[in-house]
Amino acid sequence: MGRVKREWQDTDTVLAYFGKSKKRAIEHYEDCIQQGMKAGSRPELVGGGLIRSLGGWSQVLSLRRVGSKVFSDERILGSSEFVNNVISDAEQKAKETLRLTVKIPDLPSLARKVGEGQGVDERELRSGSRKREVVKSRRIFCQIAVRKMGYSGAEVARFLGINTSAVNRLAVSDELPDVEKYA
């Protein structure tokens with residue numbers, strides 16, 4: 001909630017999902033936590049993976065006896081098909097990130113590339129300027145850095161010299177068509 005500073009904790013990113021202003025975001029976050037506490041312990045959400053998804057060890061052993069393969073991952077709750085889709089999506093994202101980092105190795109390189117492509121000076125991109133063309137370039141930069149390259153909102157914010165909430169809002173906004181020119 002921002003009361004105690006922890007380097008590993010990115011409260012701005014989490015709060016950005018709950019509201020535009022920090023005060024409202026904290027209120028909505030607290031409401032969400034309260035609702036979860038009122039729901040109490042839910043046995044269907046305890047434990048995880050293949051055993052619970054199939055209904056217990058007896059089901060798992062039964063499927064093994066007949067030679068049926070079930071795709072599972074203890075980190076993901078869901079059917080075999082769902083788990084397979086989640087892992088496939090994650091692998092695809094990892095491949096895209098690797099491809100992008102070979103093409104654009106770091107944030108300064110991305111800033112140069114976006115700046116040149118959009119006709120905006122790199123210093124302006126990092127200045128906090130609110131000119132329309134600069135904001136659009138910054139939005140493209142944030143969408144690529146956070147969504148495609150996997151940088152955290154906090155890292156990008158430090159690089160650009162703006163706050164994390166602004167970076168996260170830009171990153172999750174509707175993707176601009178110009179993003180594909182750089183990705």
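Whatever comes next refers back to the structure up there.
Computed from a predicted structure; not experimentally measured. (Residues numbered from 1 in each chain as written. Predicted model: local features only at pLDDT ≥ 70, side-chain atom pairs only at ≥ 80, totals over all residues. Heavy atoms only, no water.)

**Comments concerning the overall build of the protein**
Working step 1: Counting its secondary structure elements, the protein contains 11 helices and zero strands.
Working step 2: Relative to its 183 residues, the protein shows a buried fraction of 31%.
Working step 3: Considering only contacts within the protein whose residues lie at least 6 apart along the sequence, 55% involve residues at least 24 apart.
Working step 4: Counting every atom, the protein has about 12,100 Å² of accessible surface; 52% of that belongs to carbon and sulfur. (Helix = DSSP H or I, 4+ residues; strand = E, 2+ residues; numbered from the N terminus. Buried < 20%, exposed > 50% of the residue type's maximum accessible area, 1.4 Å probe, protein only. Contact = heavy atoms within 4.5 Å. Areas by Shrake-Rupley, 256 points an atom, 1.4 Å probe, with all protein chains shown as cover.)

**As for the packing of aromatic side chains**
Working step 1: Taken as a whole, this structure holds two aromatic pairs when the rule is applied.
Working step 2: Here the guanidinium or amino end of Arg 126 rests over the ring plane of Phe 159, the centre of that ring lying 3.8 Å away. (Phe/Tyr/Trp six-rings, centres within 6.5 Å; stacked < 30°, edge-to-face > 60°. Lys NZ or Arg CZ within 6 Å of the ring centre and 35° of its normal.)

**Topic: the pattern of salt bridges**
Working step 1: Scanning the model with the defined rule gives seven salt bridges in all.
Working step 2: A salt bridge links Glu 27 to Arg 24, with the nearest nitrogen and oxygen atoms 3.6 Å apart. You can see Glu 27 and its partner Arg 24 sitting in helix H2 (residues 22–39), three residues apart, about one turn around the helix.
Working step 3: Overall, Glu 27 belongs to the partly exposed group, its relative accessible area being 33%.
Working step 4: Judged by relative accessible area, which is 46%, Arg 24 ranks as partly exposed. (Salt bridge = Lys/Arg side-chain N within 4 Å of Asp/Glu carboxyl O.)

**Points about the packing of helix H6 (residues 107–118) against helix H9 (residues 153–160)**
Working step 1: Orientation of H6 relative to H9, taken along the N-to-C sense of each, is 65°, at an axis distance of 11 Å. As H6 runs across H9, the sense of the crossing is right-handed. The segment H6 lies against H9, with Leu 107, Pro 108 and Ala 111 engaging Glu 155, Val 156 and Phe 159.
Working step 2: Of the residues belonging to the contact of H6 with H9, the class tally is five nonpolar, no polar and one charged. (Axes fitted to C-alpha atoms, helices over the stretch in contact; angles between N-to-C directions. Left-handed = near helix turned anticlockwise from the far one by under 90°. Nonpolar A, V, L, I, M, F, W, Y, C, P; charged D, E, K, R; others polar.)

**Notes on the layout of surface pockets**
Working step 1: Within this model, the largest pocket holds a volume of roughly 310 Å³.
Working step 2: Lining the largest pocket are 14 residues, with Lys 5, Arg 6, Gln 9, Asp 10 and Thr 11 sitting closest to its centre.
Working step 3: Contributing elements (two or more residues each) for the lining of the largest pocket: helix H1 (11–16) and H9.
Working step 4: Looking at the second largest pocket, its volume works out to about 190 Å³.
Working step 5: What lines the second largest pocket is simply Gly 128, Ser 129, Arg 130, Val 135, Arg 138, Ile 162, Asn 163, Ala 166, Arg 169 and Leu 170.
Working step 6: Counting residues per element, the ones that place at least two in the lining of the second largest pocket are helix H8 (132–148) and helix H10 (164–172).
Working step 7: The dominant element in the lining of the second largest pocket, judged by the number of residues it contributes, is H10, at three residues. (1 Å grid on protein atoms, 1.4 Å probe; cavity = no way out; pocket = protein on both sides within 12 Å on 5 of 7 lines; lining within 4 Å. Points joined across faces, edges and corners; volume = space filled by probe spheres on them.)

**Regarding the nonpolar core**
Working step 1: Residues Leu 110, Phe 141, Ile 144, Val 156 and Leu 160 are the most contacted members of the largest nonpolar core, which totals 25 residues.
Working step 2: Elements that contribute at least two residues to this core include exactly H6, H8, H9, H10 and helix H11 (179–182).
Working step 3: A total of five residues in this core trace back to one element, the largest contributor, which is H8. (Core = buried A, V, L, I, M, F, W, Y, C linked by side-chain atoms within 4.5 Å.)

**Things to note about the side chain of Asn 168**
Working step 1: Of note, Asn 168 is situated in helix H10.
Working step 2: The exposure class assigned to Asn 168 is buried, which follows from its relative accessible area of 7%.
Working step 3: Engagement of the side chain of Asn 168 in a polar contact is seen with the side chain of Thr 13, the distance being 3.1 Å.
Working step 4: Beyond its immediate sequence surroundings of up to four residues, Asn 168 is in contact with Asp 12, Thr 13, Ala 16 and Gly 153. (Polar contact = N/O pair within 3.5 Å; in protein donor to acceptor, adjacent residues only side chain to side chain.)

**Side note on H9**
Since the α-helix advances by 3.6 residues per turn, residues separated by three or four positions end up pointing in the same direction.
Working step 1: Across the eight residues that make up H9, a large majority, six, are buried.
Working step 2: All of the buried residues in H9 are Gly 153, Ala 154, Val 156, Ala 157, Phe 159 and Leu 160.
Working step 3: Summarising the contacts, the buried residues of H9 are in contact with H6, helix H7 (122–125), H8 and H10.

By themselves, these observations are geometric and do not establish any function.
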